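Structural characterization, general
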Amino acid sequence: MTVTTTNLLPAPAVADLTSAGGSRWELRPTTELPPGVALGAEAVPAVVPGEVHTDLLRAGLIPDPFDGNNEAALAWIGLTDWQYRTIFTFHNGQHARHDLVADGLDTAATIRLNGKVVASTANQHRSYRFDVREFLVQGENELVIDFRAPVTFAREQEELIGARPQVNHHPFNAVRKMACNFGWDWGIDIAGAGIWKALRLESWSGARIASVRPLATLDGDGTGRLETHVELEWDGGTSAAGTAELSISVAGVETSLTVGSADGGASAVLLVPDVAPWWPRGHGDQALHEVRVELANAGSGRWAAQVGFRTIEVRTDADNDGTNFQFRVNGVDVYIRGANWIPDDALVTRITRASVEASIRDAADAGMNLLRVWGGGMYESEDFYDVCDELGILVWQDFLFACAAYSEEEPLRSEVIAEAREAVTRLSTHASLALWNGCNENIWGWVEWGWQVPLAGRTWGEGYYREILPEIVGELDPRTRYSAGSPFSYGDHMHPNDPRHGTTHIWDVWNEKDYSHYASYQPRFASEFGFQGPPAWSTLTSVVHDEPLAPYGRQMLVHQKADQGNLKLERGLGEHLPQPGSIEDWHWATQLNQARAMAFGIEHFRSLFPLNQGAVMWQLNDSWPVVSWAAVDSHGIRKPLWHALKHAYAPRLATVQPREGGLAVVLHNDTDLPLAGELRLRRASTGDGGEVLAEVLLKVSVPARDAATYQLPVGIAEPADATAEFIEVSAVDDGLGLAPAYGYFVEDTALTLADPARVLTASAVRTDDGVDVTVRATALVKDIALFPDRVDPRAGVDSGLVTLAAGAGHTFRITGEKLNVEALLAAPVLRCANDLVQG
C-alpha cells in the first residue's frame, strides 16, 4: 500500500488498509489456548473488515458456530486474546497530517504502529481517528491491533465499575459492545473480536470536512428547508491561520461560505420552493435529493448524501383515555404497522447491502412502514438506513442500552457521549429517521425487576436517558423526537409500562398467558409483543441433527434460547390446536400457532383505532437458525407468521371482533381513499358442501384513514351448532381491497373440520420460474400452507395460511429450481389446520 504526494497543498490521499485495498492481514491468538484446541499454525490469514470467528471458519480451523452444539465448543474464542497484524508501505510527501482512521474496532483494542502504542480503544459502537505522523516511517510499516478476550474483558470491567443487574449470563452492560453478541433469548453466545469496519490511512493538509449534518425539513407552504452544519478540522500547521471556502448545494439551490480556522465550522440554510417531499410508504413517494458539500482553498474535500424533505412528529398528548403515542409526517397522522429489528447475522461482518435490503423488503412486502432498531444490537450500516429511505420505512432508533443497569461513571460515561454524538450526527442525514429512543426496558426494569436493592443507590443509566442523550439529540438533531425509553408512559408519576399511556411491551402473553389475553389490552401503542415458532424445516434441520428429531432434543434446545421456550410452545397451543403426535406436526402446529397468535393480537389492536395508533411486533428477522419470535428465519425463509402479518398489516383490514352487543366486523381503512361498498356476511356449515345457513349484504362506508364498526346481525352472529359453523365476511366487489375475514364460535380442537384428504384437491403446473399449485375445497379448509423448502431450501412461495370455504380455490406460486411436483401436492409440503385436527 503506497501513498505518494508532491504538492504544497495536495488533494487528500487515502490508503485503504483493508483486505479489499490490498493489505494482507494475519491473525493469531496471544493467550494460551485451552487443552485440545490447536490452530496448526502460528498465524492465520485474516480478512479485514472481519472478525475472529469468520477468519477461523474461512481457514477451516473451526466448524460452523451455528451448527449443532458448536456454540459451546467454541466458547474459548471469547476467552482468548487475539492479534491482527499487517505490513503496509508509506512514502511521505507534502501532507501535514496522516491519520489512522478505524470505523469500527470490536472492542477492547490496543493499536501499535512500528512497535509504539498509538492508542487503546474500548467501544465497538464508534469510530476512532488518530494522528500517526510521528509513528510512520518511510517504506514498510508494521500495524498491529491487539484485542482483549471480550468475555474476560467484560468480567474485568464489571469488577472495576461494580456489578449491576442485567439479563443473561455475561456482564454485557459493563462494556460498550453489542449486547446480543454475548447471547440473548433468541441469540447465540458468540462474543468475538475483530476489525469489523473499514480501516484506512488518510493524508491531508489545510482543512478537512470532519462531519456534515444536513437537517432537512419541510415548511408548511411546501418549501424544503435544509439546515446544513459542517464541522472542519484544521491540520495545525502553517495553513491553520487561513480560510476555507465551502459550497453547499441541493436540488439546484447552492450557497458558498468562507470559514476561518478559528470558526471550527459553519452552518447554512437553503430553501427549496415547491420541493418534492418524502413520505413513508403508503402515504406518498419517497423523493430523495442529493446534498453536496465541497471544500476548497485551504485543502479540498467532498461530501455527498441523499436527504428527504419532511417533518416527523411523535405526539404524546394527554387525552381522556390517557396519553397517546402518534406519528405524524408532513402534518398527516401515520398509523404504524411495524416490527423490531435485530442484527441480521450474528457474524455481523457477513451482512451485505443485498442481504440487508432483502430483509427490509420482507418488511415492506408484509405491509410494514416502520422498523425499530432495537437497543441490544448495533447502529446499523449506511446500507440499512439508505434502503429504509428508499422504501419509505420509518426508523425508530434505539440508543444501545437494553435490559440492564448501566454505570454513569467513567470509563463508560465518556464513551457513551462519544458514540451517541457520532450516531446522531451520522444518522440525522436520513429521511427515514423518525425517533430516537433512550433505552429498551431499562426504566421498566428499574421500577419492576428488583434492581433497586442490588443497586443500593448507585447509578443505573437514568442520567443517560433523562439528561445526556436528550441533550445530545436536542443539540445535533433537534427536528427529531427523543423518547427516554420503551416502554414509556411520558409522565413522572406513571408506571412506565401502563398500556393507557405511551408505549407498551406485552410479554405476559407468551411467558405466562394464552394469546387470547391480548384481547384484555387496550394499548395506545404496542411497541413490543411476540410469540415464538420454529424456523423453516430446512433451516432447522440444517443445524439440528438429533436422532430422532424431537422438541426436547439436545441440539434442538441449543437452538431454543428462551427460558422453557419449547414448554411454552407446547403450553401455548392450549385449546387452539391439538397436541402434536409427531415432530412434523409439532413443527407445523407451533408455526401455525405463532402466526395465529400474532394475527389475533394485531387485529385486536387495529380494531381499537383511533385509540390504538400502532403495533411494532417482535421481531422481523433472525441472526442465526433458532426457534424464535421472528417472522423470517435466518435463511431468509418467510415463516407462516410472515403471511399472517401480510394479512393483518394490509392497508385495509376486515376483522371479526367481540363487542358489547355481540360480534361485529371492524373495518380499518388505512388508505387515502374512502372505502365504500357491500360486504357479504355468511354463516355457513364447516362440512361437505358448506351449506350457507344465513346470508346478509351489508353496506359499509369508511372514510380515508379511519375505522368503522358494524354489528353483525343475530342471524349471522348466533350459531345453531357452534362446533360445526363459521362466519365469513367478504367484499362483494374485489375492488374494495379487503381480504375475507373469518369468525369461529369455538377453537379448532372443538370445531368439526373435514379430512383434507377427502375435501381438498391439489394440482400443479410448471412455470418458467417454478410451479403453480392450485388447491380447491369442497368443505371448509383452514390455513392452507405450502412449504417448498422441504423440497428445495432455496424455494419460495408467494402466499400462505389461505382459508377456503366450500367451492373456493387458490393458486400458490412457487419459485425454485429443484421442485418435485409430486412432493408439492402432499404432506409434509402441503399442510392445513384440518390435518392437525384430523391427525
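All values derive from a computational prediction rather than experimental measurement.

Conventions and cut-offs
- Residues numbered from 1 in each chain as written.
- Predicted model: local features only at pLDDT ≥ 70, side-chain atom pairs only at ≥ 80, totals over all residues.
- Heavy atoms only, no water.
- Disulfide = S-S within 2.5 Å.
- Buried < 20%, exposed > 50% of the residue type's maximum accessible area, 1.4 Å probe, protein only.
- Phe/Tyr/Trp six-rings, centres within 6.5 Å; stacked < 30°, edge-to-face > 60°.
- Helix = DSSP H or I, 4+ residues; strand = E, 2+ residues; numbered from the N terminus.
- Lys NZ or Arg CZ within 6 Å of the ring centre and 35° of its normal.
- Patch = residues over 30% accessible without salt bridge, like charges linked within 9 Å, V, L, I, M, F, W, Y side chains within 5 Å.
- Areas by Shrake-Rupley, 256 points an atom, 1.4 Å probe, with all protein chains shown as cover.
- Salt bridge = Lys/Arg side-chain N within 4 Å of Asp/Glu carboxyl O.
- Pairing = 2+ DSSP bridges.
- Right-handed = clockwise from strand over helix to strand, strands pointing away.
- Axes fitted to C-alpha atoms, helices over the stretch in contact; angles between N-to-C directions.
- Parallel < 35°, antiparallel > 145°, perpendicular 65-115°, else oblique.
- Left-handed = near helix turned anticlockwise from the far one by under 90°.
- Contact = heavy atoms within 4.5 Å.
- Nonpolar A, V, L, I, M, F, W, Y, C, P; charged D, E, K, R; others polar.

This paragraph deals with the state of the cysteines. Counting across every chain of the model gives zero disulfides. Between Cys388, a cysteine without a disulfide, and Cys180, which holds the nearest cysteine sulfur, the sulfur-to-sulfur distance is 18 Å. With no disulfide partner, Cys403 has as its closest neighbouring cysteine sulfur the one in Cys439, 9.3 Å distant. By relative accessible area, Cys403 is classed as buried at 7%.

Let's shift gears to the packing of aromatic side chains. In this structure the tally under the stated criterion is 38 aromatic pairs. An angle of 15 degrees between the planes, with centres 5.3 Å apart, marks the rings of Trp446 and Trp460 as stacked. Of this pair, Trp446 sits in helix 7 (residues 442–448) while Trp460 sits in the loop between helix 8 (452–455) and helix 9 (462–476), placing them 14 residues apart in sequence. Residue class for Trp460 comes out buried when judged on its relative accessible area of 8%. Through successive ring pairs, a cluster of aromatic residues spans Phe325, Phe327, Trp396, Phe488, Tyr490 and Phe525. Above the plane of the ring of Tyr744 lies Lys782, whose end atom (NZ or CZ) is 3.6 Å from the centre. Above the plane of the ring of Trp537 lies Arg790, whose end atom (NZ or CZ) is 3.9 Å from the centre.

On to a nonpolar patch on the surface. On the surface, Tyr552, Leu557 and Leu567 cluster together to form a nonpolar patch covering roughly 260 Å² of accessible area. A relative accessible area of 35% means that Leu567 is categorised as partly exposed.

Each regular strand carries side chains that alternate between the two faces of the sheet. Of all five residues that make up strand 28 (residues 433–437), five are buried, and the element is covered over most of its length. Of the pairings in the sheet, the one linking strand 27 (residues 394–398) to strand 28 comprises four bridges and is parallel in character. Within the sheet, the bridge partner assigned to Trp396 lies in strand 28 and is Leu435. One crossover worth recording links strand 27 to the parallel strand 28 by way of helix 6 (residues 412–427), and it is right-handed. For strand 28 and strand 29 (residues 481–483), the ladder comprises three bridges, and the chain directions are parallel. Considered in strand 29, the bridge of Leu435 is made with Arg481.

In this structure the tally under the stated criterion is 57 salt bridges. A salt bridge links Arg500 to Asp498; its shortest N-O distance comes to 2.6 Å. For Asp498, a relative accessible area of 12% puts it in the buried group. Members of the salt-bridge network, linked through shared partners, are Arg97, Asp99, Asp103, Arg129, Asp131, Arg133, Arg200, Glu202, Arg208 and Glu233.

On to the sheet that holds strand 33 (residues 652–659). Spatially, the three strands line up as an open sheet ordered 33-34-37, and their pairing is antiparallel. Edge positions in the open sheet fall to strand 33 and strand 37 (706–711), since each of these has one partner strand only. The sheet shows a mean angle of 25 degrees between the axes of neighbouring strands, taken without regard to direction. By the bridge criterion, eight bridges tie strand 33 to strand 34 (residues 662–669) in an arrangement that is antiparallel. If you follow Thr655 over to strand 34, its bridge partner there is Val666.

Put simply, helix 4 (residues 353–365) and helix 5 (residues 382–391) touch, their axes get as near as 9 Å, and they point 40 degrees apart. On the basis of the axis angle, helix 4 is oblique to helix 5. Pair helix 4 / helix 5 crosses with right-handed handedness. Contacts between helix 4 and helix 5 pair Arg353, Val356, Glu357, Ile360, Arg361 and Ala364 from the former with Asp383, Phe384, Asp386, Val387, Cys388, Glu390 and Leu391 from the latter. Classifying every residue of the contact of helix 4 with helix 5 gives seven nonpolar, no polar and six charged.

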